Protein chains: 2
Amino acid sequence: MRDFLPADVRRRQYVIGVIADVYERYGFEPLETPAVENLDTLLGKYGEEGNKLIFKILKRGEHEASGEADLALRYDLTVPLARVVAEHRAKLPRFFKRYQVQPVWRADRPARGRFREFYQCDVDAIGSRSMTVEAEQIAAASEVLARLGFADFTVRLNHRRLLTALLDRSGLPEAQHGLALTALDKLGKVKPDAVIADMAARGIDAATATALLGTFVDAVGETNTDTLRQLEGLALRADGVAALQELGAILALTDSTVAAGHVRLDPSLARGLSYYTGAIMEIGVPDLAGSLAGGGRYDDLIGMFLGEDVPACGISLGLERILVVMAERGMFPPAVARPPADVLVTVFDAGSLGDMLALAARLRRGSEGRALRVDVYPEPDRIGKQLKYAASRGIPFAALVGEAERSRGEVAVKDLTAGDQQVCSRDLAARFIIDRLRATRG
Amino acid sequence: MRDFLPADVRRRQYVIGVIADVYERYGFEPLETPAVENLDTLLGKYGEEGNKLIFKILKRGEHEASGEADLALRYDLTVPLARVVAEHRAKLPRFFKRYQVQPVWRADRPARGRFREFYQCDVDAIGSRSMTVEAEQIAAASEVLARLGFADFTVRLNHRRLLTALLDRSGLPEAQHGLALTALDKLGKVKPDAVIADMAARGIDAATATALLGTFVDAVGETNTDTLRQLEGLALRADGVAALQELGAILALTDSTVAAGHVRLDPSLARGLSYYTGAIMEIGVPDLAGSLAGGGRYDDLIGMFLGEDVPACGISLGLERILVVMAERGMFPPAVARPPADVLVTVFDAGSLGDMLALAARLRRGSEGRALRVDVYPEPDRIGKQLKYAASRGIPFAALVGEAERSRGEVAVKDLTAGDQQVCSRDLAARFIIDRLRATRG
């Protein structure tokens, strides 16, 4: 787990700001849930491997010595959402669209862009089975990435029921579907042979595994229309055909959005989590092995808490991976690396500290509706040392009040970039700095 | 622990936004640390009662069955900061001023404005012993409260070494100072007699306790100057006298800031945490028993991690209590309760869903640099039902495209507040809505 020093936080805040802004434009509302959930709420929702990665919290008080855990750190933002919907159903609208940007915790082995504490940025829509939900979420996530400067992302799209129909058609017993999906999820990250070997290792008949992989590889055409047509030709069972129709609808709808041209039908996309029931998607870029975002429809999960059928679909953006790729590609706008203050108020002697606090207060009020960020040097060091400190921190201006300025109620404003200095009244100093800042950075 | 539904999150974001804005103006930079710290980092920093309230996390993997804990949820933001400063010293400036707005966790009994997961909003300054640090932090916290609309807050100010000198003067053995401070901390919240009884229960001689309380009550004068003078007359040991000089300096400096008139010297203020070494402060309002903020100087804590003397001082704002009082007093500006979207795009039939997504995309781009927040009704329900849905959610506008509008490339924009409707081109629709929004809400 990592500390985020100021420069890190500013980059994170920039990306989170873009994400929240785009999601708000799509009509999603913010939700926050506690870091800690009941252990029972989380267990059994993330598959066998997920269960092992949950951080468990010791019971408090007299039970502490028992070593038992009753609470846990949340593993994702989807299961907590399902719990919230079940718990607050009456207070929520018929169609509840929420976004949520919060950390989750997994006792995983760290890797590039993978950490034990990491932020997810989720959009989910509760209450509708319409494919506009999938299309809007694909559009919203695509718009986030486009706004951040990604042009080369691909949204891989598939459907859990299509996958099941394909597995079924290959003669794989239903009891082995889960194993096959876990193995298949790695196709695209590893070679087909490795996937076949993985399936074999999980006890799947080698001939079936090979045939299965063949089907997935053969089905993919040049265009989404080609792929759809190939799959339609496979004589799938009824729910597989219905899944293909849903995929066709999502593809057609996304063509009306900013995601147009970015979506690719990929029948081998599996997604690891066990709660998906319909369309699934994953967004990636060529220079990252993992995905920047993933999601899908999970119509049964909320019902597990509520005992009532509530359709749901969501996409989760992986903040950490987005940040890793943006850093590697140098995608942050220069303004994100802002200095700690616009101006440093220097201090001539201990006796003037109070007056310097008053000057700082005046400068902070700014001018014409624009405030200034003002630091005060805390100790009466040599002025040269104080100016050097300002420069070393990238603070562009310094305010100096010597004997002469004090007696006239003035202040000398030194532009540490240009090197020149302007003496003006205290009321005009903020205006002068703001004008210069506007001229150089806007 | 609580879920925050959208209306809650917007109120929280509003307050956090004001806090971050003010702290940035004072030259504080953002820092974030992980929720989870090594258990050893936290143990022994919060006094005996604090230790018991730390949430502990089970060791992972093969050691899980042992029931041992090696990690813990952070208890405050100060100890993690001390660890960060020790760990990243070389990367940090000589004077490191950071703000941090993150949740902390305590296995405490919940009460009004007290929760097991709650946010702290801390400012701390590392690296200077100057009293400008205390004065600026008192000013920054005061400016936050003033900007939020609090006019009646009081900053109680005291000094740990003054307290020690007063306890010492009363003849209390040093071994009992900690007990006396814990009891004294409740003065102001409970009656003096209850504090004396509490001290007696902790094994402090009743006569000493009574004399001690007398000193504290007698010392408080009408004005801060009176109180200072009373205390100066008590013939304290040298470090008590030095503490009084520091308090005098802080009082004089805060007179040059927005905190002027809000600061009150209170020699009985103790603060529960064990790491304070100098000035301590607590900010309160008459209608809340607890405090809205608290802090102080802790010059030894970072040294515990670093083995090197690093002065430090900080103030922590309690977000939850601020929110409780603001809700009770009705202090939130109306704009904080924003609807989930500015406009709802309605859907006439399933065949027009794609076109409606395209219309939504156009409206989201907005006009003249202002974007619109746009929701799309996901299903082709009756239009009346869709308009009712928009109204029930407080969405002020609905966009309708029937046969006639579609054939002319137009859209009907219905103002659900005024009740009228305007048919215009798709390019002008955003402009029309934005003009109306500006006219009614700015």
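Residues numbered from 1 in each chain as written. Chains lettered and ligands numbered in written order. Predicted model: local features only at pLDDT ≥ 70, side-chain atom pairs only at ≥ 80, totals over all residues.

## Some details on the overall build of chain A
Then step 1. Looking only at helices and strands, chain A features 17 helices and 16 strands.
Then step 2. Against the globule reference of 22 Å for 442 residues, chain A gives a C-alpha radius of gyration of 28 Å, more extended than a compact globule.
Then step 3. Taking the principal axes of the C-alpha coordinates as reference, chain A spans close to 95 × 60 × 45 Å.
Then step 4. Evaluated residue by residue, chain A yields a buried proportion of 46% over its 442 residues. (Helix = DSSP H or I, 4+ residues; strand = E, 2+ residues; numbered from the N terminus. Rg over C-alpha atoms; globule rule 2.2 N^0.38 Å. Buried ≥ 20, exposed ≤ 12 C-beta atoms within 10 Å, placed from the backbone.)

## Overview of the interface of chain A and chain B
Then step 1. Listed by partner, the interface residues are 67 residues for chain A and 66 residues for chain B.
Then step 2. Top element by residues in the side of chain A that touches chain B is helix 14 (residues 353-365) of chain A. It accounts for seven residues.
Then step 3. Residue classes in the side of chain A that touches chain B are distributed as 35 nonpolar, eleven polar and 21 charged. (Contact = placed C-beta atoms within 7 Å. Nonpolar A, V, L, I, M, F, W, Y, C, P; charged D, E, K, R; others polar.)

## Some points on the nonpolar core
Then step 1. Of all hydrophobic cores here, the largest spans 258 residues; its most connected members are A:V343, A:V345, A:A399, B:V343, B:V345 and B:A399.
Then step 2. Sequence-distant contacts of A:A399, that is, excluding residues within four places in its chain, are made with A:V343, A:V345, A:T346, A:L359, A:L363, A:V411, A:V413 and A:A429. (Core = buried A, V, L, I, M, F, W, Y, C linked by C-beta atoms within 7 Å.)

## Regarding helix 1 (residues 6-25) of chain B
Residues and elements named next belong to chain B.
Then step 1. Between its terminal C-alpha atoms helix 1 stretches 28 Å, which fits the 28 Å expected from 20 residues at 1.5 Å a residue.
Then step 2. Inspection of helix 1 places P6, R12, V15, I19, V22, Y23, E24 and R25 among the buried residues, and these make up the whole buried set.
Then step 3. Positioned one or two residues after helix 1, G27 has a phi angle of 80 degrees, which is positive. (Expected span 1.5 Å × (residues − 1).)

## Some points on the relation of the copies chain A and chain B
Then step 1. The transform that puts chain A on chain B rotates by 180 degrees and translates by 0.0 Å along the axis, for an RMSD of 0.0 Å. Taken together, the rotation and translation describe the operation of a two-fold axis.
Then step 2. Both copies share a contact surface, since 99% of the interface residues of chain A are interface residues in chain B too. (Least-squares fit on C-alpha atoms with pLDDT ≥ 70 in both.)

## Examining the sheet that holds strand 12 (residues 343-345) of chain A
All names here are of chain A.
Then step 1. Spatially, 13-12-14-15-16 is the arrangement adopted by the five strands of the open sheet, whose pairing is mixed. Looking at which strands have only one partner, the edges of the open sheet turn out to be strand 13 (374-376) and strand 16 (421-425). The sheet shows a mean angle of 25 degrees between the axes of neighbouring strands, direction not considered.
Then step 2. Looking at chain direction, strand 12 and strand 13 are connected through three bridges and run parallel. (Pairing = 2+ DSSP bridges. Axes fitted to C-alpha atoms, helices over the stretch in contact; angles between N-to-C directions.)

## Points about the packing of helix 8 (residues 192-201) of chain A against helix 9 (residues 206-219) of chain A
Residue and element names in this part refer to chain A.
Then step 1. Two elements in contact, helix 8 and helix 9, have axes whose closest approach is 9 Å; the angle formed by their N-to-C orientations is 145 degrees. Helix 9 is crossed by helix 8, and the crossing has right-handed handedness. Residue-level contacts link P192, V195, I196, M199 and A200 of helix 8 to A206, A209, T210, L213 and V217 of helix 9.
Then step 2. Here the contact of helix 8 with helix 9 is built from residues that sort into nine nonpolar, one polar and no charged. (Left-handed = near helix turned anticlockwise from the far one by under 90°.)

## Description of the sheet that holds strand 7 (residues 154-159) of chain B
Residues and elements named next belong to chain B.
Then step 1. Strand order in the open sheet formed by eight strands is 1-5-6-11-10-9-7-8, and the pairing between neighbours is mixed. The outermost strands of the open sheet, each flanked by one partner alone, are strand 1 (29-30) and strand 8 (263-265).
Then step 2. As paired strands, strand 7 and strand 8 are joined by three bridges and run parallel to one another. Bridge pairing in strand 8 places R156 opposite R264.

## Digging into the confidence of the model for chain A
Then step 1. On average, residues of chain A score 93 in pLDDT, and 98% of them reach the 70 mark or higher.
Then step 2. For this predicted complex, the interface score ipTM comes out at 0.93, while the overall pTM is 0.94. (pLDDT = per-residue confidence, 0-100.)

## Some points on helix 5 (residues 131-148) of chain B
For an α-helix, 3.6 residues make a turn, and residues three or four places apart therefore share a direction.
All names here are of chain B.
Then step 1. Helix length check: helix 5 (18 residues) gives 26 Å between terminal C-alpha atoms against 26 Å at 1.5 Å per residue, within 8%.
Then step 2. Summarising burial for helix 5: 16 of the 18 residues are buried, a large majority.
Then step 3. Looking one or two places after helix 5, you find G149, whose phi comes out positive at around 110 degrees.

## A short note on the domain arrangement of chain A
Then step 1. The domain boundaries assigned to chain A delineate domain 1 (6-334) and domain 2 (339-441).
Then step 2. On a C-alpha basis, the centroid separation for the pair domain 1 of chain A and domain 2 of chain A is 51 Å. (Domains from an automatic or database assignment.)

## A short note on the packing of helix 1 of chain B against helix 13 (residues 319-329) of chain B
Residue and element names in this part refer to chain B.
Then step 1. Two elements in contact, helix 1 and helix 13, have axes separated by 11 Å at closest approach and are oriented at 115 degrees. Relative to helix 13, the element helix 1 is oriented roughly perpendicular. In the packing of helix 1 onto helix 13, the handedness of the crossing is right-handed. Where helix 1 abuts helix 13, its residues R11, R12, V15 and I16 lie against L319, I322 and L323.
Then step 2. Looking at the contact of helix 1 with helix 13 residue by residue, the class counts come to five nonpolar, no polar and two charged. (Parallel < 35°, antiparallel > 145°, perpendicular 65-115°, else oblique.)

## Some points on the environment of B:L73
Residue and element names in this part refer to chain B.
Then step 1. Among the structural elements, L73 can be located in strand 4 (residues 69-73).
Then step 2. Its 27 C-beta neighbours within 10 Å are what place L73 among the buried residues.
Then step 3. Sequence separation between L73 and I54 is 19 residues, and the spatial gap between their C-alpha atoms is 6.9 Å.
Then step 4. Setting aside anything within four residues of it in sequence, one finds L73 in contact with A35, V36, F55 and W105.

## Observations concerning the pairing of strand 9 (residues 279-284) of chain A
Residue and element names in this part refer to chain A.
Then step 1. Judged by how many residues are buried, strand 9 sits mostly within the fold: six of six residues are covered.
Then step 2. Neither face of strand 9 is exposed, since A279, M281 and I283 on one face and I280, E282 and G284 on the opposite face are all buried.
Then step 3. As defined by bridge partners, strand 9 adjoins strand 10 (residues 293-297) across four bridges and the pair is classed as antiparallel. What sits directly across from M281, in strand 10, is G295.

## A few points about the pairing of strand 15 (residues 410-415) of chain A
Two faces, one strand: in a regular strand the side chains alternate between the faces of the sheet.
All names here are of chain A.
Then step 1. Across four bridges, the pairing between strand 14 (residues 397-400) and strand 15 is antiparallel. Counted as the bridge partner of A399 is V413 from strand 15.
Then step 2. As paired elements, strand 15 and strand 16 share five bridges and run antiparallel to each other. Note on strand 16: the bridge partner recorded for A412 is V423.
Then step 3. Hairpin geometry of strand 15 and strand 16 is characterised by an intervening segment of five residues between the two adjacent antiparallel strands and by a positive phi of about 90 degrees at G419.

## Focus: the environment of A:L53
All names here are of chain A.
Then step 1. Position of L53 relative to the elements: it lies in the loop between helix 3 (47-52) and strand 3 (56-58).
Then step 2. A count of 15 C-beta atoms within 10 Å places L53 in the partly exposed class.
Then step 3. Along the chain, L53 and V325 lie 272 residues apart, while their C-alpha atoms are 25 Å from each other.
Then step 4. Residues contacting L53, with those up to four places away along its chain left out, are Y75, R106, A107 and D108.

## Overview of the environment of B:I283
Residues and elements named next belong to chain B.
Then step 1. As for its placement among the helices and strands, I283 is situated in strand 9 (residues 279-284).
Then step 2. Under the C-beta neighbour-count criterion, I283 is labelled buried, with 26 such atoms within 10 Å.
Then step 3. Expressed as a C-alpha distance, the spacing of I283 and T164, which sit 119 residues apart in the sequence, is 22 Å.

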